[in-house]
Amino acid sequence: MINRILVANRGEIAIRVMRACRELGITSIAVYSEADKDALFAKYADEAYFIGPAPASESYLNIKKIMEVARECRADAIHPGYGFLAENPNFALACEQQGIKFIGPSSRVLELMGNKVAARCEMKKAGVPVVPGTDDCITDFKLAVNIAREIEYPVIIKPAGGGGGIGMSVVYEEDALMVALESSQAIARNTFGLPDVYIEKYIENPRHIEFQILGDSHGNVIHLGERECSIQRRHQKLIEESPSPALTPKLRAEMGAAAVRAAKWVNYEGACTIEFLYSDGDFYFLEANTRIQVEHPVTEMVTGIDIVKEQIHIAAGEKLSMKQKDVKSNGWVIECRINAEDPLNKFAPSPGKLRGYRSPGGIGVRVDSGVYSRYTIPTIYDPMISKLIVWGRDRNEVIARMRRALYEYIILGVKTNIPFHKAVMENPRFIAGELSTHFIDSEQTILEDMKRIIEREKPFEDRLSQVFDERKRIASIAAVAAVQQIYRSKPET
Ligand code: MV4
């Protein structure tokens, strides 16, 4: 039985986990840093403990301190959220040793999947398609030359120690291989403490399609369908959707079966994501994410399944509450990540005080957030304000609804990427479902569209700033009035 869960994370994901706890009658316990004294998650929790200074290394990454609190407050289990310690085998091991249930896979699986060369190797053995490439780390330059010749240029060099694009380098010809290898190894050594790199055939214009997996401690594994996350910037996902416009039922079944095979092969317990590159009807295993992901609500909204609750049931040793045939995808879902960043200044972080805040609502709209009106977004952590997740019966309806919701969203005091999302929701290629991981770079008009949208909204924003004055109490009414005026002055299409 799990009665008390310590949430070793902050922000919206901490609240997301605590909401599941509340529905299950479980006591939620927050840990918070100096920078999060006013944060919503620390107030939402049933209990909250201060764990240290603002830098994550001294608080949210401090295994010793968090385990100390977990012992003192008699937590049965720890939910790590995403980021921070979520995929740290040492943290999972510390939990295992102290008899506190880590809500996630075993330290052994974290270790295995954390090494991308080992993961690739296991997936090959499991019969999951991988990109042509090396089965081992590159030990010498001659070997690298031979392998690259065999798989043919372009190739991509990747660090074994980490995903996320850091230290990756695309090589188009043999002359550039040596320099690229050395630079990747240097970056890998510095960032992951492991210089090992490996080589794969470079897939030029792929889509990123990932499958949500649930596995219980009795060996049952199912998938909850896919999410397409092709719209990214610098390896940061900005928009995710389900289903993927690229998949046919046949491909979905094949990729889903491969993802289930992958998880079964390592006896996966908990929720995880199997990432694939997809191009021209072919798909290749990329990485396994051994945690709850930022974009998990997309799957929740399209299947109706509460993934965090399932994680908790699985951690308690229960069997999955549904079988593969019970999983049904209904309609279409899009998620936009709303960040405090300046879209006209290369999306530089723009933290600060939210002088006015009103989130959208209505049918089919979900907002997962850790902020509130007049809250100051700390500079020291990532600048995500919220995730706006919208459901529609089909893709056209969900796009129209997302646009509607984006225009209802009032955020004053910090710059946000909402204009970017508005521009994408009216982009012809996006509307046609023609996505790829190079979408943002290849759509030249998005920047111009954003500028036009921002210009158009300036007068309303100035007026809104006045009515959101702290002494006034009519902010919501003003917001609704402004929405109508802004939304109606759409571009002449
Ligand atoms: C690739 C690739 C093309 N070919 N591997 C980037 C982050 C990491 N998760 C894997 N990444 C890629 N690996 C091969 N063999 C292209 C990318 C890639 C990418 C992947 C998913 C989403 C966005 C991306 C943006 C640029 C490159």
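This section reports on the structure supplied with the text. (Residues numbered from 1 in each chain as written. Predicted model: local features only at pLDDT ≥ 70, side-chain atom pairs only at ≥ 80, totals over all residues. Heavy atoms only, no water.)

### Considering the overall build of the chain
Thought 1: Secondary structure summary: the chain contains 17 helices and 22 strands in total.
Thought 2: Here the C-alpha atoms of the chain give a radius of gyration of 23 Å, agreeing with the 23 Å that 2.2 N^0.38 yields for 493 residues.
Thought 3: Its C-alpha atoms give the chain principal-axis dimensions of about 70 × 55 × 45 Å.
Thought 4: Within the chain, the proportion of its 493 residues that are buried is 57%.
Thought 5: Once local pairs closer than 6 in sequence are excluded, the contacts in the chain between residues at least 24 apart make up 66%.
Thought 6: With the model as given, the accessible surface of the chain reaches about 20900 Å², and the carbon-plus-sulfur share is 50%.
Thought 7: Positive and negative charge centroids in the chain, built from 63 and 66 side chains respectively, lie 5 Å apart. (Helix = DSSP H or I, 4+ residues; strand = E, 2+ residues; numbered from the N terminus. Rg over C-alpha atoms; globule rule 2.2 N^0.38 Å. Buried < 20%, exposed > 50% of the residue type's maximum accessible area, 1.4 Å probe, protein only. Contact = heavy atoms within 4.5 Å. Areas by Shrake-Rupley, 256 points an atom, 1.4 Å probe, with all protein chains shown as cover. Lys, Arg positive; Asp, Glu negative; His and termini not counted. Charge placed at Lys NZ, Arg CZ, Asp CG, Glu CD.)

### Observations regarding a nonpolar patch on the surface
Thought 1: The grouping of F141, M178 and V179 at the surface amounts to a nonpolar patch, some 260 Å² of accessible area in total.
Thought 2: On the secondary structure map, V179 appears in helix 8 (residues 177–192).
Thought 3: Assessed through its relative accessible area of 59%, V179 is described here as exposed. (Patch = residues over 30% accessible without salt bridge, like charges linked within 9 Å, V, L, I, M, F, W, Y side chains within 5 Å. Salt bridge = Lys/Arg side-chain N within 4 Å of Asp/Glu carboxyl O.)

### Quick word on the sheet that holds strand 5 (residues 101–102)
Thought 1: Taken in spatial order, the five strands of this open sheet run 3-2-1-4-5, and their pairing is parallel. A single partner strand is all that each edge strand has here, and the edge strands are strand 3 (47–52) and strand 5.
Thought 2: Sheet analysis places strand 1 (residues 4–7) next to strand 2 (residues 27–33), joined by four bridges and oriented parallel. Following the sheet pairing, V7 is matched in strand 2 by A30. (Pairing = 2+ DSSP bridges.)

### Points about the nonpolar core
Thought 1: Ranked by internal contacts, the top residues of the largest apolar core, which has 100 residues, are L6, F41, I239, F420, M425 and F430.
Thought 2: In terms of residue count, helix 1 (residues 11–24) provides more of this core than any other element does, seven residues in total.
Thought 3: In contact with F420, other than residues within four places in its own chain, are I231, L238, I239, F347, I440, I446 and M450.
Thought 4: Formed by 28 residues, the second largest nonpolar core is a distinct cluster that contains A126, I274, Y278 and A288. (Core = buried A, V, L, I, M, F, W, Y, C linked by side-chain atoms within 4.5 Å.)

### Details of the site of the ligand
Thought 1: In the region of the ligand, 16 residues are neighbours, and K158, E200, K201, I203 and Q232 sit closest.
Thought 2: Contact between the ligand and K201: a nitrogen atom at 2.7 Å from a main-chain N or O atom of the residue.
Thought 3: At a separation of 3.3 Å, a nitrogen atom of the ligand approaches a polar side-chain atom of E287.
Thought 4: Protein chains bury 91% of the 510 Å² of accessible surface belonging to the ligand in isolation.
Thought 5: Among the elements of the structure, strand 6 (155–159), strand 8 (197–201) and strand 13 (282–289) are those that each provide at least two residues to the shell around the ligand. (Near = heavy atom within 4 Å. Polar contact = N/O pair within 3.5 Å; in protein donor to acceptor, adjacent residues only side chain to side chain.)

### Thoughts on helix 9 (residues 249–265)
Thought 1: In this model, helix 9 (17 residues) spans 24 Å end to end at C-alpha, consistent with the 24 Å of a helix rising 1.5 Å per residue.
Thought 2: Burial in helix 9 covers these residues: L251, M255, G256, A258, A259, V260, A262 and A263.
Thought 3: Directly after helix 9, the chain includes N267, whose backbone phi takes a positive value near 55 degrees. (Expected span 1.5 Å × (residues − 1).)

### Some details on unusual backbone geometry
Thought 1: Backbone torsion omega between Y153 and P154 reads 0 degrees, so that peptide bond is classified as cis.
Thought 2: Looking at the secondary structure, you find P154 in the loop between helix 7 (141–151) and strand 6.
Thought 3: We note that R74 has phi near 55 degrees; this positive angle belongs to a residue other than glycine.
Thought 4: Along the polypeptide, R74 turns up in the loop between helix 3 (63–72) and strand 4 (77–79).
Thought 5: A positive phi is found at F84, a non-glycine position, where the angle reads about 40 degrees.
Thought 6: Along the chain, F84 falls in the loop between strand 4 and helix 4 (89–98).

### Some points on the sheet that holds strand 14 (residues 332–339)
Thought 1: Read across the sheet, eight strands follow the order 13-12-9-10-11-14-21-19 without closing on themselves; strand pairing throughout is antiparallel. Among the strands making up the open sheet, the edge pair consists of strand 13 and strand 19 (365–369). Each strand axis lies, on average, 25 degrees off the axis of its neighbour in the sheet, ignoring direction.
Thought 2: Relative to the sheet, helix 9 contacts strand 9 (207–215), strand 10 (221–233), strand 12 (270–279) and strand 13, its axis offset from that of strand 9 by approximately 55 degrees.
Thought 3: Contacting strand 9, strand 10, strand 11 (236–242), strand 14, strand 19 and strand 21 (384–392), helix 10 (residues 296–303) runs over the sheet at an angle of about 25 degrees to strand 21. (Axes fitted to C-alpha atoms, helices over the stretch in contact; angles between N-to-C directions.)

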